[in-house]
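Spelled out from the first residue to the last, the chains are:
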Amino acid sequence: MQAVLPVLEKLFGLYPHLFGAEFRPLKLGIYQELLAAHPEEFKRDTLKAALGQHTRSTRYLQSVASGLSRHDLQGAAVESVSPEHIYLSILELFRRRQARTREDLRPKLKAQLIAAFEASGLGSQAYLARVQNSDLEANALLADALAEVDQKLARQEALLRAYDASGKTLAEFADMYGLDRAALAALQALDLKRQAPSADAAPAPQ
């Protein structure tokens, strides 16, 4: 820490939008860009150590886990964080928090895993292929989370089929079944998603 602290302070002074009050995920390859931009300011070893310290910090992991984009030195969002990096950050934050409390944080972890999976836009198998690792307990928690997503989708699809058969408007159907706002919004989203391919289809030739 004695060696890297001055480097971290220098990074904060040069790039407060990346290393200041709010940490942002860093663009891949930013180490080389920093060396090129400030050849007189930084030495390779201490810069690498400082960046390692920074990216292992809880605040940085929180920024990655939240799904923020990666940023370049100018502060522009340039690329998405990969699903596997988001997943690993969520797991590491869970381990750190669980070590400090007797409360079982696995339900909260499952909710975060579900949100990360849904935000990835991937199917279950593609997501598993990218994020699964040798941690058996984490793999089991992830499988449980994805199973819950599948069950939710199955319920929503069943509700959509019932809506189709009802002949009612969405508002009438929601009132008839006593759907809350969240359930109605999910049903509307499914209905719109189903209509999207036909809406985007090319017109038939005349």
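Note that the structure is predicted; figures quoted are calculated from it, not measured. (Residues numbered from 1 in each chain as written. Predicted model: local features only at pLDDT ≥ 70, side-chain atom pairs only at ≥ 80, totals over all residues. Heavy atoms only, no water.)

Draft legend 1. Looking closely at the nonpolar core. The biggest cluster of nonpolar side chains holds 44 residues, and the ones touching the most others in it are Leu11, Leu47, Leu51 and Tyr87. Those residues in contact with Leu47 that lie beyond four places of it in its chain are Val7, Leu11, Tyr31, Leu34, Leu35 and Phe42. Ranked by size, the runner-up nonpolar core spans six residues in total, among them Leu160, Tyr163, Phe173 and Leu190. (Core = buried A, V, L, I, M, F, W, Y, C linked by side-chain atoms within 4.5 Å. Buried < 20%, exposed > 50% of the residue type's maximum accessible area, 1.4 Å probe, protein only. Contact = heavy atoms within 4.5 Å.)

Draft legend 2. Expanded view of the packing of aromatic side chains. Throughout the structure, instances matching the rule amount to two aromatic pairs. With a centroid separation of 5.3 Å and 70° between ring planes, the pair formed by Phe117 and Tyr127 is classed as edge-to-face. Placement of the pair is Phe117 in helix 7 (residues 106–120) and Tyr127 in helix 8 (residues 124–131), with a sequence separation of 10 residues. A relative accessible area of 0% places Tyr127 in the buried class. With 5.6 Å between their ring centres and 65° between their planes, Tyr163 and Phe173 make a pair best called edge-to-face. With a gap of 10 residues between them, Tyr163 in helix 9 (residues 136–166) and Phe173 in helix 10 (residues 170–177) connect regions that are remote in the sequence. Of the two residues, Tyr163 and Phe173, neither departs from the other in class, the shared state being buried. Over the aromatic face of Phe23 sits the side chain of Arg59, whose NZ or CZ is 3.8 Å from the ring centroid. (Phe/Tyr/Trp six-rings, centres within 6.5 Å; stacked < 30°, edge-to-face > 60°. Helix = DSSP H or I, 4+ residues; strand = E, 2+ residues; numbered from the N terminus. Lys NZ or Arg CZ within 6 Å of the ring centre and 35° of its normal.)

Draft legend 3. Geometry of the packing of helix 7 against helix 9. At a minimum axis separation of 9 Å, helix 7 and helix 9 run at an interaxial angle of 65°. The handedness of the crossing between helix 7 and helix 9 is right-handed. Contact with helix 7, carried on its side by Arg106, Leu109, Lys110, Leu113, Ile114, Phe117 and Glu118, involves Leu141, Leu142, Asp144, Ala145, Leu146, Glu148, Val149 and Lys152 of helix 9 and no other residues of that element. (Axes fitted to C-alpha atoms, helices over the stretch in contact; angles between N-to-C directions. Left-handed = near helix turned anticlockwise from the far one by under 90°.)

Draft legend 4. Examining helix 10 more closely. The set of residues buried in helix 10 consists of Leu170, Phe173 and Ala174. The buried residues of helix 10 all sit within an arc of 100° when viewed along its axis, so they share a single face. Turned more than 90 degrees from where helix 10 packs its buried face, Ala171 and Asp175 sit exposed. (Arc of directions from axis to C-beta.)

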